[in-house]
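Chains, contacts and geometry: an overview
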Amino acid sequence: MQRKRYAPGRTGSAARTAVALALGLGLGAGLTACSAGTPADDIAVDAKAGQASAPVAPPGRYRTLFEPCGAVPQATLKDLLPGAAALPDAERDKAYRGVAAVTYDTDRRVGCTWKADTPDTSHRLSLDIERVVSYDAAVSDDDRAQEVYVRKQLAAGIPVPPTAPPSPTATATAPPTGSPTTSATATAAATAPSAKTPTGGPADPDATESATGLEPRVLEGLGDIAFVDDVLSTTGANSHQRAVSVVFRTSNVIVTISYREQTTGSAEDPDSAELQEKARNLARQLAERLEE
């Protein structure tokens, strides 16, 4: 049998050497390409790291809220609801238990109401506790809560004290005009009602408080900031209602206490000093509870 003529070429070790050289060149080119891309990748990573390290506003002090109906001591309820003492045992116990407000997230908002009636007088107490959360990373929970509080104070017709003009040194480091707290306060002040009309009819001519210190005002020594509102209105031919509200903020929690007394017939008009003192006493107890 005739053998095929040998054609010279790379076989054996020579062929393997050529393949190895080719792979080496290809791998070297790949490594060179990766090395060429490294600076750009480093720049991208550094940019992202810079964004992630941007300052984030601190969270509020409170993460949960206490149960409201059990937060008011029974001794305090007896003082606030004097008519309950004359009720049968079952009704009295029910009055002191209160009725919890319906909320969808008890870590964000809770409330409770109590009431007790007599033939000539009725009392209503309501408690609303709100934990404010800011969803803006640049605005703290406390700042957002302050915005909510300011709107409540302005709605009550109590002006927010003006801030002192900045010093030349402070001007250079002062926050921009559009900062969240400043802009929210300015917006709330611009949209606040210029006058307050009591609900349930025109105010009685004697509603103007002649005694000094009983008018709606800012309160000292209660939470971070607080105010009291007091409105006397007529609800019928021979019926008068006084509504006293105490609102205070502690960190990112806002507590609103509403205490109402309504008299009918020959009963005297609800006394402003008495109702304010009772509402403020409860507010002090709840402020202490928040400090626990």
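Residues numbered from 1 in each chain as written. Predicted model: local features only at pLDDT ≥ 70, side-chain atom pairs only at ≥ 80, totals over all residues. Heavy atoms only, no water.

**Some points on the pattern of salt bridges**
Once their charged atoms are close, side chains differing in charge can pair, the charge on each being opposite to the other. Taken as a whole and assessed by the stated rule, the structure comprises 12 salt bridges. One salt bridge in this structure joins Arg92 and Asp89, with 2.5 Å as the shortest N-O distance. Here Arg92 and its partner Asp89 are both found in helix α3 (residues 89–97), 3 residues apart, which amounts to about one turn of the helix. Looking at Asp89, the relative accessible area reads 51%, which means it is exposed. Residue Arg124 is joined to Asp117 by a salt bridge in which the shortest nitrogen-to-oxygen separation is 2.7 Å. Given a relative accessible area of 39%, Asp117 falls into the partly exposed group. (Salt bridge = Lys/Arg side-chain N within 4 Å of Asp/Glu carboxyl O. Helix = DSSP H or I, 4+ residues; strand = E, 2+ residues; numbered from the N terminus. Buried < 20%, exposed > 50% of the residue type's maximum accessible area, 1.4 Å probe, protein only.)

**So, the confidence of the model for the chain**
Across the chain, the average pLDDT comes to 76, with 65% of residues at or above 70. In the predicted structure, residues 17–51 sits below a pLDDT of 50 and forms 1 contact with residues beyond four places in sequence or in another chain. (pLDDT = per-residue confidence, 0-100. Contact = heavy atoms within 4.5 Å.)

**Describing the environment of Ala84**
Among the structural elements, Ala84 can be located in the loop between α2 (74–80) and α3. Filtering out sequence-adjacent residues up to four positions away, Ala84 remains in contact with Arg92, Ala95, Tyr96 and Ala116.

**With respect to unusual backbone geometry**
Backbone geometry at Ser251 places phi at a positive 55°, although glycine is not the residue there. Looking at the secondary structure, you find Ser251 in the loop between β6 (239–250) and β7 (253–264). Residue classification places Ser251 among the buried residues on the basis of a relative accessible area of 6%.

**Here's the deal with the sheet that holds strand β5 (residues 225–236)**
Spatially, the 7 strands line up as an open sheet ordered β1-β2-β3-β7-β6-β5-β4, and their pairing is antiparallel. The sheet terminates laterally at β1 (99–100) and β4 (217–219), the two strands that pair on one side only. As defined by bridge partners, strand β3 (residues 121–131) adjoins β7 across 11 bridges and the pair is classed as antiparallel. Within the sheet, the bridge partner assigned to Asp128 lies in β7 and is Thr256. Each of β1 and β2 (109–117) is contacted by α3, which is oriented at about 145° to β2, the strand it contacts most. Against the sheet, helix α4 (residues 141–155) makes contact with β3, β4, β5, β6 and β7, and its axis sits at roughly 160° relative to β6, the strand it touches most. (Pairing = 2+ DSSP bridges. Axes fitted to C-alpha atoms, helices over the stretch in contact; angles between N-to-C directions.)

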